[in-house]
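Geometric and topological summary
For reference, the chains in residue letters:
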Amino acid sequence: MPDPGALNARASEASRLISRLSKEKKRILVVTHIDADGLSSGSIAFHALLRMGAIASVRAIPDLDMKAIDALRSDQFDFYLFTDLGSGMIDQLTAAFGVNFLIVDHHQLPSEHAGRPNVLNAWSFGYDGGSEVSSSTMAYILALSLDERNKDLSPSAIIGALGDRQDSGPNRSLTGLNRKALEDGVEKGLITVSKDFLFHGRETRPIHEAIAMTYTPYLTGLSGAKDACLAALSNTGFVLKEHGRWRNLAELSDGERQKLLEVLTSFVGTGGDGSMVISELIGEIYSLRYEDALTPMHDAREFATLLNACGRMDATDVGIAISLGDRDTALSEALKLIGEYRLKLNKALQILQTAGDRVATHGDVAVVIGDEFIEERMTGSISSLLASSDKYRDKMVLVRTRSGDTELKFSSRLGASFPKEVNLGLIMKQAAEFVGGVGGGHSMAAGAKIPMTKRDEFTRAVLQKVAE
Ligand code: C5P
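Okay, so let's go over this structure. None of these values were measured; they are calculated from a predicted model.

Pairing is possible between side chains of opposite charge, provided their charged atoms come close. Inspection of every chain in the model, using the stated rule, returns 33 salt bridges. Across the salt bridge formed by Arg393 and Glu280, the nearest N and O atoms sit 3.1 Å from each other. Residue Arg393 is found in the loop between α15 (379-388) and β12 (396-403), and its partner Glu280 is found in the loop between α11 (272-279) and β9 (282-288); the two are separated by 113 residues along the sequence. Across the pair, exposure class does not vary: Arg393 and Glu280 are buried alike. Between Asp364 and Lys420 there is a salt bridge, with the nearest N and O atoms lying 3.5 Å from each other. Of this pair, Asp364 sits in the loop between β10 (359-362) and β11 (365-369) while Lys420 sits in the loop between β13 (407-414) and α16 (424-434), and the two are 56 residues apart along the sequence.

The structure is reproduced here in C-alpha cells:
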C-alpha cells in the first residue's frame, strides 16, 4: 500500500539535509542517467539547488559501476546527489562516500536498504517505480519539499515519466504520483491534457512524415519509412495536400481518422497484438503551453524523445541545457541530433531486418546480437523499439553489444503481450552478478554489463531464469 505520509517525511528529511549543505556552501554534484528520465530528474534537482543558492554541478553518466564511482570520488565534491541511479549500488556508494550522498530514484532496491534516510526511492513507500513514479517525479517531490515555487518544474516530471514509458494507464495516461505532478502542471496552467492520435509531429508535420517519425509503438513497414507511409496513404486516396500545403493529423475529419486506422491496421494486422498496437496510437496528449507549438518541446512525449536522443548521441549537456530552458543554441543542436539519432536507429533496424542471423529466438526470448553495428548507448532504444513492435510484443527482447574491449552491454525489454510474470530487473541483476558483472532495472526494462568472456554463461543464465 502506498504510504504518502512516509514518503513526504523522508522527502522533508532529505530537503533539510540539502538546505543545510546549501547554507554551508558545500559543493554538490548531481549525478544522473543519460536517458530522458535521467536528464529530466537531474535537471529538476540541479534547478532546485540553483534556485536555493546552492553551489551545484550536474553530470550525466551511462552506467553507475565501480569505474564510475572511482571517477566521481576522485573529483572530491562534498556531497553527491544521485538521480535515476544508485539503488543497486548502495553498499558501494556508502564505501566510497560515507554518508555524503543521497539517492533519488525509482528502480527496485534491496529491501534491507528501503529504510535508509539517504535513499528517497518510490518502492520504499509502496509505489510501483516501474509504472507510476519516474525518477523525475521523485526529484520533483524533493524539489517541492524544498520550495513550493518548484511546482513550475512539474513539466519535467512528466517528461521523465513519458521517457520511461510510464504512460501505461487507460488511453496511454499517466497514473500514480506522475499523475499528481501532471495535475500540478495543469493547475499552474503549464500543461494541457487532450486526447488524439499520438504520432510525433501531429500538428507540425505532413501526415506521412508524422507516421514515419513515430517509433513507439513501432509500426513494422511504416516507422522510419517516409516513402512507404506516403505510398500507403496515397494508394488509399487520402487527401494529403490542400491548396498546395501538406495537411497534418490534427486536421483530419472523423471519417479520415477511421480510414487512417484501417490503413494502419493493414500493416500491423487485426490479431491480438496488432489491435493492441493500434490502441496504443490514440490517447492522452500532454501539451506544454509555454513551448513554441512548432517545436518538439510542445508535446511532452516528443520532448522526452528529444532528450533521449541527446543522451543516446552522447550530448547530455545539450539535453540538460534544454531541460533547464535553453531555447537557443542547445535547441538547434538538439534538432540536428534527433535527425542523426533516427538515422542511426533506422540503420540498425534495417540490418536486423535483412540479416536474419542477428536475431535468435529461444522460447520466449529474442536475443539480438548487435556487437558490430549497435552502439552501446543505443541498446536501450533498440530493445524498446523491438519490444513495442507487433513482431516481438510477446517476447522478451535481449539486445547485446560490445562495451569497450573487455565487456558486453545488454539491454532487455518485455513486450506488452509477454505471456508470463517475470521481473527483468531481478533476472538481469542475478544473472550479471552470477558472472561477475552488474545488472538491474525495472520489471519491464533492465540492463547489464558483464565481462566479455562470460557471454554465453550470462545468456544461458538469463534464458534459464525466464523459463523457470
Ligand atoms: O541500459 P538500459 O536502457 O537497457 O536499462 C534499462 C533500465 O535498467 C534503465 O532504467 C536503467 O537505469 C536500469 N539499469 C539498472 N542497473 C543497471 C543497468 C540498467 O538499474 N546495471
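Now for the site of the ligand. Around the ligand sit 15 residues in total, of which His107, Lys409, Ser411, Arg413 and Gly440 are the nearest. Between an oxygen atom of the ligand and a side-chain N or O atom of Lys409, the distance comes to 2.6 Å. The side chain of Arg413 places a nitrogen or oxygen atom 2.9 Å from an oxygen atom of the ligand. Notes on the ligand: free accessible area 450 Å², of which the protein chains cover 85%. At the level of secondary structure, the elements contributing two or more residues to the shell around the ligand comprise β13, β14 (438-441) and β15 (445-451).

On to the nonpolar core. Core analysis: the biggest nonpolar cluster contains 86 residues, and Leu81, Ile322 and Ile382 have the highest contact counts within it. Sorting elements by how many residues they give to this core places helix α14 (residues 329-354) first, with 10 residues. With sequence-adjacent residues up to four places away left out, Ile382 is seen in contact with Leu345, Ala348, Leu352, Ile374 and Val399.

A sheet is described by the order of its strands in space; here six strands give the open sequence β10-β11-β12-β13-β15-β14, paired in mixed fashion. If you trace the sheet from one side to the other, it starts and ends with β10 and β14, each paired once. Looking at each pair of strands side by side, their axes are set apart by 15° on average, direction ignored. In terms of strand pairing, β12 meets β13 through eight bridges, oriented antiparallel. If you follow Met396 over to β13, its bridge partner there is Leu414.

Let us look at empty space enclosed by the protein. Enumeration according to the criterion identifies two cavities of 30 Å³ or more in this entry. The calculated volume of the largest cavity comes to roughly 100 Å³. Residue composition of the lining of the largest cavity, by class: four nonpolar, five polar and four charged. Surrounding the second largest cavity, Ile18, Ala45, Ala48, Leu49, Leu81, Ala139, Leu142, Ala143 and Leu146 form its lining. Within the residue set of the lining of the second largest cavity, elements represented by two or more residues are α2 (36-51) and α5 (135-146). The greatest single-element share of the lining of the second largest cavity, amounting to four residues, is contributed by α5.

On to the layout of surface pockets. Of the pockets and cavities examined, the second largest pocket occupies roughly 390 Å³. Taken together, 20 residues make up the lining of the second largest pocket; nearest its centre are Arg205, Glu209, Met213, Ile338 and Arg342. Secondary structure elements with two or more residues in the lining of the second largest pocket: α8 (207-212), α12 (300-312) and α14. Here the lining of the second largest pocket gets five residues from one element, more than from any other, and that element is α14.

Parameters and conventions
- Residues numbered from 1 in each chain as written.
- Predicted model: local features only at pLDDT ≥ 70, side-chain atom pairs only at ≥ 80, totals over all residues.
- Heavy atoms only, no water.
- Salt bridge = Lys/Arg side-chain N within 4 Å of Asp/Glu carboxyl O.
- Helix = DSSP H or I, 4+ residues; strand = E, 2+ residues; numbered from the N terminus.
- Buried < 20%, exposed > 50% of the residue type's maximum accessible area, 1.4 Å probe, protein only.
- Near = heavy atom within 4 Å.
- Polar contact = N/O pair within 3.5 Å; in protein donor to acceptor, adjacent residues only side chain to side chain.
- Areas by Shrake-Rupley, 256 points an atom, 1.4 Å probe, with all protein chains shown as cover.
- Core = buried A, V, L, I, M, F, W, Y, C linked by side-chain atoms within 4.5 Å.
- Contact = heavy atoms within 4.5 Å.
- Pairing = 2+ DSSP bridges.
- Axes fitted to C-alpha atoms, helices over the stretch in contact; angles between N-to-C directions.
- 1 Å grid on protein atoms, 1.4 Å probe; cavity = no way out; pocket = protein on both sides within 12 Å on 5 of 7 lines; lining within 4 Å.
- Points joined across faces, edges and corners; volume = space filled by probe spheres on them.
- Nonpolar A, V, L, I, M, F, W, Y, C, P; charged D, E, K, R; others polar.

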